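Observations on the three-dimensional arrangement
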Amino acid sequence: MPKYCSKGQSCAQEAPCADVCTSPLCGDPSLLPMYAPLIYDEMGVNVCQTLTVTDPGFAALSNAEKAFVQVLDVSFADSEAVSIPGRPNCTEITLQNLTVSLLIRLYSASGQLLGGFTQSFTYLPPVTDPSYDEDTNPSSVTFELFTPYGISYDAADASAPRISYMGFLAANQNLTQGLNAIAYPKVLDLNVPAGQITVGLTVIVSCVYFSQYLVPHQGKVRVPKGSLLPEDDSLCLNFVNGDLLEMTIKPLELGPPRNEEFLKNDCSQASSCCSDSSSQNNP
């Protein structure tokens, strides 16, 4: 096997003949190659309005003193994301007519849960909407984001720009490449007899891309294990009450100084440190 050198380094010793296709390496690399979702740019805005809860059960909870609000989902269907002429690395974002699904929980003064309500409200509404307010809930906000690799779309012809919301429903818990949004609510006032609650909302839109990075680390996470005391002795009981299995095969370090991408060589099988049956099964 030849020796491999990187710029500014002396040549390393020849590596032993080891084919990772038959004898996987074990342990942790000094630098962990991984995909990381990186925020290239982001912008946040605050909007606020007094909401009227239409469920009659809300106003009936006369002993409610506290409220908790959670944003379940936000629809950006009417928002726009357009390229800026002469400035290909940036995108102009216009947020408007956001449909925000809220979970509202009411509590007594002692913290007892009295009831929960879900309802959708419009933030950044049209100017004809009763909730429109030029200062606190305008019809739209526009800003620019640095998007050097582009944005994501709903259609293959790139006709429908997409802003993905990361919320608390099963359908919106994925981070995607391109434009992603999160929202944080804050209860500012509560008027239960009138069926009203004032909620301020912070909406943050981020430009996210997945990139490959080499990351130093402190080793794998040691997962705490719960175990029952065995009443008799058997192979399965010994396993169930034993240590957790750990996957010890390490990813290849594809660059200097080890150049492990050259280990896929058809040579005699070297001894594998992964042969311990107590940790895992390797072919």
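Residues numbered from 1 in each chain as written. Predicted model: local features only at pLDDT ≥ 70, side-chain atom pairs only at ≥ 80, totals over all residues. Heavy atoms only, no water.

1. So, the pairing of strand β6 (residues 113-123)
Of the pairings in the sheet, the one linking strand β5 (residues 98-107) to β6 comprises 10 bridges and is antiparallel in character. Looking at β6, one finds that tyrosine 107 is bridged to leucine 113. Once β5 ends, the chain turns through five residues before running back antiparallel as β6, passing glycine 111 with a positive phi of about 95°. (Pairing = 2+ DSSP bridges. Helix = DSSP H or I, 4+ residues; strand = E, 2+ residues; numbered from the N terminus.)

2. Overview of the pattern of salt bridges
This structure, assessed with the given rule, holds two salt bridges. Its salt-bridge partner being glutamate 144, residue arginine 87 comes within 2.8 Å of it at the nearest N-O pair. Of this pair, arginine 87 sits in strand β4 (residues 87-96) while glutamate 144 sits in strand β7 (residues 140-146), and the two are 57 residues apart along the sequence. Aspartate 154 is paired through a salt bridge with arginine 162; the nearest N and O atoms lie 3.0 Å apart. (Salt bridge = Lys/Arg side-chain N within 4 Å of Asp/Glu carboxyl O.)

3. Quick word on the layout of surface pockets
Considered as a void within the structure, the largest pocket measures approximately 360 Å³ in volume. The wall of the largest pocket is formed by 19 residues, among which Phe76, Arg162, Ile163, Ser164 and Tyr165 lie closest to the centre. Of the residues belonging to the lining of the largest pocket, the class tally is nine nonpolar, six polar and four charged. (1 Å grid on protein atoms, 1.4 Å probe; cavity = no way out; pocket = protein on both sides within 12 Å on 5 of 7 lines; lining within 4 Å. Points joined across faces, edges and corners; volume = space filled by probe spheres on them. Nonpolar A, V, L, I, M, F, W, Y, C, P; charged D, E, K, R; others polar.)

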